[in-house]
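Breakdown of the fold
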Amino acid sequence: MEHVPPPSEELARLDRELAELDARRAQLLTRRAWLLAALRPPAPTAAPGWNPSGWGAPAAGRPGAPAQPWGHVPPKQPSAPRSAQNVLLTLGGLLLTVAAIAFTLVSWGSMGIGGRSAVLAAVTVGALAAPVVLLRRGLTATAEALAALALVLTLLDAYAVHAVAAPDTDGLGFTAVAAAVLAALWTAYGLALGKLHLPLPAAVVLAQWPLLFGAWAAGASALVVGWALLATAVLDGAIALWGKGTGARVTACLGGSVMAFSALMVGLTLSVTASGPLGALAPGVLLLTAAAAALAGAWRAPRGFARAGGAVAGLAVVAAVGGVPAAVVPEGWRVLAYLLVGLAPAAVVRARLPRNAAIGVLVASAAVVAGALVGALPGLAAVLLGPVTLLSDVWSGSPEGFRSAVGSTLPWSELAATPVVLALVAGLLGAAYRWWPSLARIAAPLIAREEPGSGTGPTGAPGTGTPEAGGAAAPGVSGAPWYAGGAPAARRRPSGAALRGAAGAGAAVLGWGALLLSGAVLDVPYAVAVAGETLLVAGLLALAVRGAGSGRDGSAAVPVTALVVALAAAVSTGLLSLASEGASYAVFGALTALFAGAAVRAGAGVPRAVFAVAATVGGTVLSGFAGRSLGLAPHEAAPLVLLVPALTVLFGARLRRNPVALPVELTGALGALVAVALAVPDAPFLALVLALCGVLAAGAAVRPERRPVAGYLAAALFVLATWVRLAASEVSFPEAYTLPVTVPALVVGFLRRRKDPEASSWTAYGPGLAATLLPSLAVAWTDPDWQRPLLLGVAALVITLLGARYRLQALLLLGGAVLALDGLHELAPYVVQVAGALPRWLPPALAGLLLLVVGATYEQRLRDARRLKDALGRMR
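Residues numbered from 1 in each chain as written. Predicted model: local features only at pLDDT ≥ 70, side-chain atom pairs only at ≥ 80, totals over all residues. Heavy atoms only, no water.

A tally of helices and strands in the chain yields 35 helices and zero strands. A total of 876 residues make up the chain; the buried ones form 37% of that total. In the chain, once contacts between residues fewer than 6 apart in sequence are set aside, the share between residues at least 24 apart is 67%. Counting only carbon and sulfur atoms, one obtains 70% of the accessible surface of the chain, whose full area is about 48,400 Å². (Helix = DSSP H or I, 4+ residues; strand = E, 2+ residues; numbered from the N terminus. Buried < 20%, exposed > 50% of the residue type's maximum accessible area, 1.4 Å probe, protein only. Contact = heavy atoms within 4.5 Å. Areas by Shrake-Rupley, 256 points an atom, 1.4 Å probe, with all protein chains shown as cover.)

Spelled out as structure tokens, the structure:
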């Protein structure tokens, strides 16, 4: 039957199609105008900026000219003469270099000593003298190529001299002397010919090796090698600061970084492996010298290098000074020695150091503290995650000590200093949080200090924060430090309140970790460990409740962090208590009470909801413990687990629209899902649990704000419970049980529709029809007889026709779906037989033909689908 839309809908559809036609017409007209303009012959005189010989973009002020068409590729520009010249010179120099190497290695032995000397001298002198002449004539690139050839020739000369004139000398010693001579030669050569870019960087590279190779040749100790590396790094630093030419300074910077790092590694290794405090003094002097050199370079270096130099200096000082006491104390306490020394560089906030260098030193101090804290992570992870192993052996008996309950194999004796480290850092962060204004005043000179030689710029210059004539400086730019506020400062750095909140949050976390690790290091009894962790959770909850709702700035970081840590600590404590039945009841009872009390004391908001949810979870776990204590099987304990969801339904009815009600009820729903999962192995208990869940959902549906969801859920649970009960009883005629439910439900739905014609057919007739149609369909698919499928198909056909006649969506869709599935079940054997008799190529051919038909009539099918969707949407 063809559906005729109402006039208003047909008019709207016509308007849409006309608009699409207008848009397509405008697009075609635009393309036509472009083609006409492209085919128009060029004007005799071109306007400025317009290229009449191509389809380039017109000049400004020339509207209507065609743009470049799609796919236009601009012609390649010829290579610049200078680039081609450089390529040719590079290839030529490379070929000459290869020839020189081949000559030295292959043809050298066929000549006498005079010939060798003459050839080397002539070629080298010529290669060195040629750039002087070429530079006078302006041929710089050619001069660079010949200078590179001369560099290779000098290296070959050194090799040749060692091979012929001094074959018995030590290779490392000769290399050190040759590198020093060549470095001096190329330095003088580069300074004399200032226009060449290669000689000075080459001299810097050669200067890296004399001291290092000389120390190795002399068989020096590792400490002497470290001094050689440090001296080379200092030389590189001097070149980087005062050297001539960007290439030489960059090369010196790179070489100095490598040499300084190597020297520091040598000193650190010797300091750490020293057998006593006296043995740590010598590498400590090396490290202190490196720190002084780095700080001296940072005094004059740019911003980034100054901060890096300050950081290196701070780390070197910590390694040098901390290595002496670390060589005396046991291995587990060395980290504390380095930490105490690492806190000392924080005093640079009052020193007269450049700002960037002082910041680098502070970064080094922070890195030492961070490294000490990272060393505590394995112990904390073992204490927090170790009780997870108790899940496989619940209530097996109380272990002797904390370490036995944790089940970790860590060397706890080597972690003896870890709680002290955490407590020390927590105390410092807590002091910073408590006296933050005083700390900000102390750090104010460092923040406001300008770098030497940076200058402030002229009055009114951009970025100086100086007000122009007749204007005022922007807030937060001039006069006030960044922590005092201001929009520009806020965009660059975090506010003072945020930093203070971070310090307080860090103090809370580290203090909790210190107390937690203390129990493991001391191996306290199991009962003391459980009680101590429970008290820690109580303290964290008190801290979270005290600061809940304190604001949205950084001051909220402390309560939020305390809340998160309290949840993690509660989980760890609960897992730890699973070793003993009494401990489990005591811990989860205390946790439930603590979180419930926190929810009562906390203000409205997210923390209160989190507390309430945690209390609900604790109550659910306690109900599960009760079933285990009574000796019930998991499916038998499922009804007990539903006690907490029932309480959450009552609690939600009491709170109604309170923001806490919904999270608590959702948590209770998750507890109901746990109960259903426990009852799955036993079908009768599963039916009982589903029915009880339906009762709880129906109780929640009494409230108007929960009715849209809970009402449908209750109906689905009741129907599902009925099906499970029938399946468990092995009922072969479910209609005897479902029809007595379906008929009254349809009568009630009919009366409601009669009273309220706007009521949905899904609400009125959906539950009643589904109660019979779906179980009957499930049985019909496994019924070998023909009577049930026939009766079910007839009933589904009648329901479908009634839905189409009275425009009821539930009847039409439910009846149609059941009818289609029932027909598919009956026709399936014949379809299989026909498919087996057909040729193999026919199904793909039919599928391809179907796709072609659908593709050819795609627009019509799309309109039909929209029309069908609209027709279904207008049904009730």
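So, about the packing of aromatic side chains. Applying the stated criterion across every chain yields a total of eight aromatic pairs. Judged by centre distance (5.2 Å) and plane angle (80 degrees), the ring pair of Trp 186 and Tyr 189 falls under edge-to-face. Remark: Tyr 189 and Trp 186 occur in helix H5 (residues 171–192); sequence separation between them is three residues, near one turn of the helix. Of the residues examined, Tyr 189 reaches a relative accessible area of 13% and is grouped as buried. With centroids separated by 6.1 Å and ring planes inclined at 35 degrees, the aromatic side chains of Phe 213 and Trp 216 adopt a geometry described as tilted. (Phe/Tyr/Trp six-rings, centres within 6.5 Å; stacked < 30°, edge-to-face > 60°.)

As a working rule, side chains carrying opposite charge can pair if their charged atoms are close by. If you walk through the whole model with that rule in mind, you get four salt bridges. The partner of Arg 703 in a salt bridge is Glu 665, with the nearest N and O atoms 2.8 Å apart. In this pair, Arg 703 is assigned in the loop between helix H27 (683–701) and helix H28 (707–728) and Glu 665 in helix H26 (residues 661–679), connecting sequence segments 38 residues apart. On the basis of relative accessibility, which here comes to 4%, the residue Arg 703 falls in the buried class. What makes Glu 665 buried here is its relative accessible area of 11%. Among the ionic pairs, Arg 703 bridges to Glu 705, the shortest N-O distance being 3.1 Å. Salt bridges sharing partners connect three or more residues here, namely Glu 665, Arg 703, Glu 705 and Arg 706. (Salt bridge = Lys/Arg side-chain N within 4 Å of Asp/Glu carboxyl O.)

By the secondary structure assignment, Ser 365 is in helix H13 (residues 355–374). According to the relative accessible area criterion, Ser 365 is buried, its value standing at 6%.

Within the secondary structure, Ser 580 is located in the loop between helix H21 (557–576) and helix H22 (581–601). Ser 580 gets classed as buried once you look at its relative accessible area, which sits at 16%. At a separation of 3.4 Å, a polar atom in the side chain of Ser 580 contacts the side chain of Ser 398. In this structure Ser 580 touches Trp 395, Ser 398 and Tyr 526, once residues within four positions along its chain are discounted. (Polar contact = N/O pair within 3.5 Å; in protein donor to acceptor, adjacent residues only side chain to side chain.)

Below, the discussion takes up helix H24 (residues 634–641). Considered for burial, the residues of H24 that qualify are His 635, Ala 637, Ala 638 and Val 641. The buried residues of H24 occupy one face: seen down the axis, they fall within an arc of 150 degrees. (Arc of directions from axis to C-beta.)

Take unusual backbone geometry next. For Trp 395, which is not a glycine, the phi torsion comes out positive at approximately 60 degrees. Looking at the element boundaries, Trp 395 is found in the loop between helix H14 (377–385) and helix H15 (402–406). Relative accessible area serves as the criterion here: at 17%, Trp 395 is assigned to the buried category. Residues other than glycine seldom take positive phi values, yet Asp 523 does so here, at roughly 55 degrees. Locating Asp 523 in the fold gives a position in the loop between helix H19 (496–522) and helix H20 (526–547). On the basis of relative accessible area, Asp 523 is assigned to the partly exposed category, the value being 34%.

An ideal rise of 1.5 Å per residue puts 48 Å on 33 residues; helix H1 (residues 7–39) measures up with 48 Å between its terminal C-alpha atoms. Inspection of H1 places Glu 9, Arg 13, Trp 34, Ala 37 and Ala 38 among the buried residues, and these make up the whole buried set. (Expected span 1.5 Å × (residues − 1).)

For the pair helix H16 (residues 418–434) and H19, interaxial distance at closest approach is 7 Å and the crossing angle is 155 degrees. Taken together, H16 and H19 sit at an angle that is classed as roughly antiparallel. Taken as a pair, H16 and H19 cross one another with a handedness that is left-handed. Between H16 and H19, the contacting residues are Thr 418, Pro 419, Leu 422, Ala 423, Val 425, Ala 426, Leu 429, Gly 430, Tyr 433 and Arg 434 on the first element and Arg 500, Ala 503, Gly 504, Gly 506, Ala 507, Leu 510, Gly 511, Gly 513, Ala 514, Leu 517, Ser 518 and Val 521 on the second. Partitioning the contact of H16 with H19 into residue classes produces 13 nonpolar, seven polar and two charged. (Axes fitted to C-alpha atoms, helices over the stretch in contact; angles between N-to-C directions. Parallel < 35°, antiparallel > 145°, perpendicular 65-115°, else oblique. Left-handed = near helix turned anticlockwise from the far one by under 90°. Nonpolar A, V, L, I, M, F, W, Y, C, P; charged D, E, K, R; others polar.)

This part covers a nonpolar patch on the surface. Together, Trp 786, Leu 790, Val 794, Val 798, Leu 802 and Tyr 806 make up a nonpolar patch on the protein surface, roughly 620 Å² of accessible area in all. Positionally, Leu 802 belongs in helix H32 (residues 787–806). (Patch = residues over 30% accessible without salt bridge, like charges linked within 9 Å, V, L, I, M, F, W, Y side chains within 5 Å.)

So, on to the environment of Leu 536. For Leu 536, the location among the structural elements is in helix H20. Leu 536 sits in the buried class, given a relative accessible area of 17%. A sequence separation of 37 residues divides Leu 536 from Thr 573, and the C-alpha atoms of the two residues are 9.6 Å apart. Residues within four places of Leu 536 in sequence aside, it is in contact with Trp 512, Leu 515 and Leu 516.

This part is about the nonpolar core. Core analysis: the biggest nonpolar cluster contains 63 residues, and Phe 402, Trp 412, Phe 595 and Phe 611 have the highest contact counts within it. Sequence-distant contacts of Phe 611, defined by excluding residues within four places in its chain, comprise Leu 541, Ala 544, Val 545, Leu 563, Phe 595, Ala 598, Ala 599 and Ala 602. Listed in part, the 23 residues of the second largest apolar core include Leu 135, Leu 196, Ala 203 and Leu 206. (Core = buried A, V, L, I, M, F, W, Y, C linked by side-chain atoms within 4.5 Å.)

The next subject is the environment of Pro 345. Relative to the helices and strands, Pro 345 is located in the loop between helix H12 (334–343) and H13. In the structure, Pro 345 is positioned 21 residues away from Ala 366 in sequence and 9.5 Å away in space, judged by C-alpha atoms. Other than its neighbours up to four places away in sequence, Pro 345 contacts Val 318, Val 361, Leu 362 and Ser 365.

Looking now at the confidence of the model for the chain. Confidence in the prediction of the chain, expressed as mean pLDDT, is 80, and 81% of residues score 70 or more. Considering only residues more than four positions removed or in separate chains, one finds that residues 44–82, a stretch of pLDDT under 50, has 29 contacts. Every residue in residues 450–491 is under pLDDT 50, and counting partners more than four places away or in other chains gives 35 contacts. (pLDDT = per-residue confidence, 0-100.)

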